[in-house]
Amino acid sequence: MPKYFVVLLILTALVASAAAASWTGFVRTDSGSWSISRESCNVSFIYEQSVEGQISPVDYHGRTLSPYYSSYTDVNLNDVRVGERTAALQGRYSSQGQLKLQSRTNGSVDMVIYKPSGTDLYTIDFYEVWPVNLSYDSSMTYSGREINSRDFLGNNRDYIGASFLYNRELSKDSSLNMSLERMNATVVANDEAIYQADVMATRDTKYRLNSHSTGIASLRHMQIGPGDEILTEGDERFVGVYDLVRSIGMGSRFENVDIADDEIEWLPCCLSGFAGMAPADQKALGSARGIFDCTCFEVP
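These figures come from a predicted structure and were not determined experimentally. (Residues numbered from 1 in each chain as written. Predicted model: local features only at pLDDT ≥ 70, side-chain atom pairs only at ≥ 80, totals over all residues. Heavy atoms only, no water.)

**Some details on the overall build of the protein chain**
Okay, so step 1: Check the secondary structure of the protein chain and you find two helices and 17 strands.
Okay, so step 2: A burial count over the protein chain gives 39% of its 300 residues as buried.
Okay, so step 3: Just so you have it, the protein chain exposes about 16900 Å², and 51% of that area is on carbon and sulfur atoms. (Helix = DSSP H or I, 4+ residues; strand = E, 2+ residues; numbered from the N terminus. Buried < 20%, exposed > 50% of the residue type's maximum accessible area, 1.4 Å probe, protein only. Areas by Shrake-Rupley, 256 points an atom, 1.4 Å probe, with all protein chains shown as cover.)

The structure is reproduced here in structure tokens:
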């Protein structure tokens, strides 16, 4: 005897900001559970920076402080992410960058449950329309004792990474455009188990890198499909003096499919009657036979 079959959609406004919101989808059966949590907010953001100078020792109260430069960037809206880490020792350094971000939670978040007649399987669809658009153009030049620089770009499980380590000379120019249009999640389950769970984001990522390095350069990327299937993957490593040009474009499209009314087998009433229903529906109705075969309306 099944113990439970639970499906929930919880949509909340975050206390920290009236413009922020989150939602959680949850499916539980006798033998397991599945869940998804999403978070975003209504925000427009523009960041610009320009740095140029010499990383050099500083005399302070009779002490000489070792020269060091460090920078950190981390942006994450509805799993559209940009992360950067840079650390440099004595040398000449310059960088410029402009980041633009726009995110909206005015769109809908819906859940639809569909169970065809004659089967015990439920199809639970979650639909989210919380778009995000992000663009980032940056450039950097360094010459000196040593610099390490890492970049991470992610778009709903797709990612691109670039790592430059132990470089005495490093220059790079990069351009990034990422967008998230919507997200669909589909779970197929019955009382006993979850048979399939797919998360499908409609998204685009376009990235270009032009670099000159004198140490170790590692370049990685991965594109994910439904069911965590790896669609494309790359991992490259260069040691020495290299000029590298890299261009990557990734996109995924998942269209919403509405179930037409004529595809749904509604429970009959005063038509073919109880006898024309699928055996599974007859069993589920049990003592309701008199309602659906219309005998309760018959005149004695």
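Next comes the rest of the account.
**A word on unusual backbone geometry**
Okay, so step 1: One non-glycine residue, His61, lies in positive phi territory at about 50°.
Okay, so step 2: For His61, the position within the fold is in the loop between strand S5 (58-60) and strand S6 (63-65).
Okay, so step 3: With a relative accessible area of 68%, His61 lands in the exposed category.
Okay, so step 4: In this structure, Tyr166 takes a positive phi of about 60° despite not being glycine.
Okay, so step 5: By the secondary structure assignment, Tyr166 is in strand S13 (residues 158-189).

**Description of empty space enclosed by the protein**
Okay, so step 1: Inspection of the entire model under this criterion finds one cavity of 30 Å³ or more.
Okay, so step 2: Taken together, the elements giving at least two residues each to the lining of the largest cavity come down to strand S12 (132-155) and S13.
Okay, so step 3: Counting residues per element, the lining of the largest cavity draws most heavily on S12, at four residues.
Okay, so step 4: Residues of the lining of the largest cavity, tallied by class, amount to four nonpolar, two polar and two charged. (1 Å grid on protein atoms, 1.4 Å probe; cavity = no way out; pocket = protein on both sides within 12 Å on 5 of 7 lines; lining within 4 Å. Points joined across faces, edges and corners; volume = space filled by probe spheres on them. Nonpolar A, V, L, I, M, F, W, Y, C, P; charged D, E, K, R; others polar.)

**Here's the deal with the pattern of salt bridges**
Okay, so step 1: Scanning all chains against the criterion turns up eight salt bridges.
Okay, so step 2: Across the pair Glu128 and Arg38 runs a salt bridge, and its minimum N-O distance is 2.9 Å. You can see Glu128 sitting in strand S11 (residues 122-128) and its partner Arg38 sitting in strand S3 (residues 33-41), a full 90 residues away along the chain.
Okay, so step 3: Classification of Glu128 by relative accessible area gives buried; the value is 0%.
Okay, so step 4: Looking at Arg38, the relative accessible area reads 9%, which means it is buried.
Okay, so step 5: Where Arg157 meets Asp228, a salt bridge forms, and the shortest distance between an N and an O atom there is 2.3 Å. Pair noted here: Arg157 is in the loop between S12 and S13 and Asp228 is in the loop between strand S15 (216-224) and strand S16 (230-239), with a separation of 71 residues, a long-range link.
Okay, so step 6: Take Arg157: its relative accessible area is 31%, and that puts it in the partly exposed class.
Okay, so step 7: With a relative accessible area of 54%, Asp228 lands in the exposed category. (Salt bridge = Lys/Arg side-chain N within 4 Å of Asp/Glu carboxyl O.)

**Here we look at the nonpolar core**
Okay, so step 1: Leu134 and Leu176 are the most contacted members of the largest nonpolar core, which totals 49 residues.
Okay, so step 2: Looking at this core element by element, the count peaks at 11 residues for S13.
Okay, so step 3: Among all residues touching Leu134, those that are not within four sequence positions of it are Val75, Val80, Val82, Lys100, Leu101, Leu176, Asn177 and Met178. (Core = buried A, V, L, I, M, F, W, Y, C linked by side-chain atoms within 4.5 Å. Contact = heavy atoms within 4.5 Å.)

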